[in-house]
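Structural description and commentary
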Amino acid sequence: MRLEETDRRLLRELQRDASLSMKELAERTAMSQSTAWRRVQDMEEAGVITGRVTLADPEQLGLTVSGMISVNMADQTKEGRREFEAFAKAHENVQQCFSVTGSHDYVLIIRTRDVKGYETFLMEELLSHPSVASTQSQLILRHYKNSTVLPV
């Protein structure tokens, strides 16, 4: 789908606040409600908009520890990678999973309630996965920027 400036305006507003009514969205983007609705529907059907979510403050929910874990795979087969990716997608503490270049195969961003939960995830779940050879872990001290807004 080729995005026009009106589509970009809609995306900027929806990324800031996905709870806007179609009336509010149309007003903020200077278009009619029916045009705004149609364009949003078109972007959803084309896969440009992949979902709408509510962002929660992890600290308010008691998820006070976050970390980045770099993972080296023991099993580089397609099946081994699939199994590891399925593990990462299914685990509630894994917020993001990236396949990366460089000295590691994957990087995970995780959230836990405390350091004990972080240790439990790392030692008892991640390192016990049959496809994992080794990890390198870093606790995140403070988030200075954590945005979901893409530059459109």
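Anything mentioned here points back to the structure above.
Residues numbered from 1 in each chain as written. Predicted model: local features only at pLDDT ≥ 70, side-chain atom pairs only at ≥ 80, totals over all residues. Heavy atoms only, no water.

1. Examining the sheet that holds strand β2 (residues 94–99)
- If you trace the four strands from one edge of the open sheet to the other, you get β2-β3-β1-β4, paired in antiparallel fashion. The outermost strands of the open sheet, each flanked by one partner alone, are β2 and β4 (132–140). Put simply, the sheet's adjacent strands are angled 20 degrees from each other on average, direction ignored.
- Here β2 pairs with strand β3 (residues 106–112) via five bridges, running antiparallel. Looking at the pairing, C97 lines up with L108 of β3. (Pairing = 2+ DSSP bridges. Helix = DSSP H or I, 4+ residues; strand = E, 2+ residues; numbered from the N terminus. Axes fitted to C-alpha atoms, helices over the stretch in contact; angles between N-to-C directions.)

2. What to know about the nonpolar core
- Membership of the largest hydrophobic core comes to 16 residues, with the highest contact counts inside it found for I69, V71, F84, L108, I110, F121 and L126.
- When residues of this core are traced back to their parent elements, those giving at least two are β1 (65–73), α4 (78–90), β3 and α5 (115–126).
- Sequence-distant contacts of I69, that is, excluding residues within four places in its chain, are made with Y106, V107, L108, I110, Y118, F121, L122, L126, T135, Q136 and S137.
- By size, the runner-up hydrophobic cluster in this structure holds eleven residues, among which are L10, L14, A36 and V40. (Core = buried A, V, L, I, M, F, W, Y, C linked by side-chain atoms within 4.5 Å. Buried < 20%, exposed > 50% of the residue type's maximum accessible area, 1.4 Å probe, protein only. Contact = heavy atoms within 4.5 Å.)

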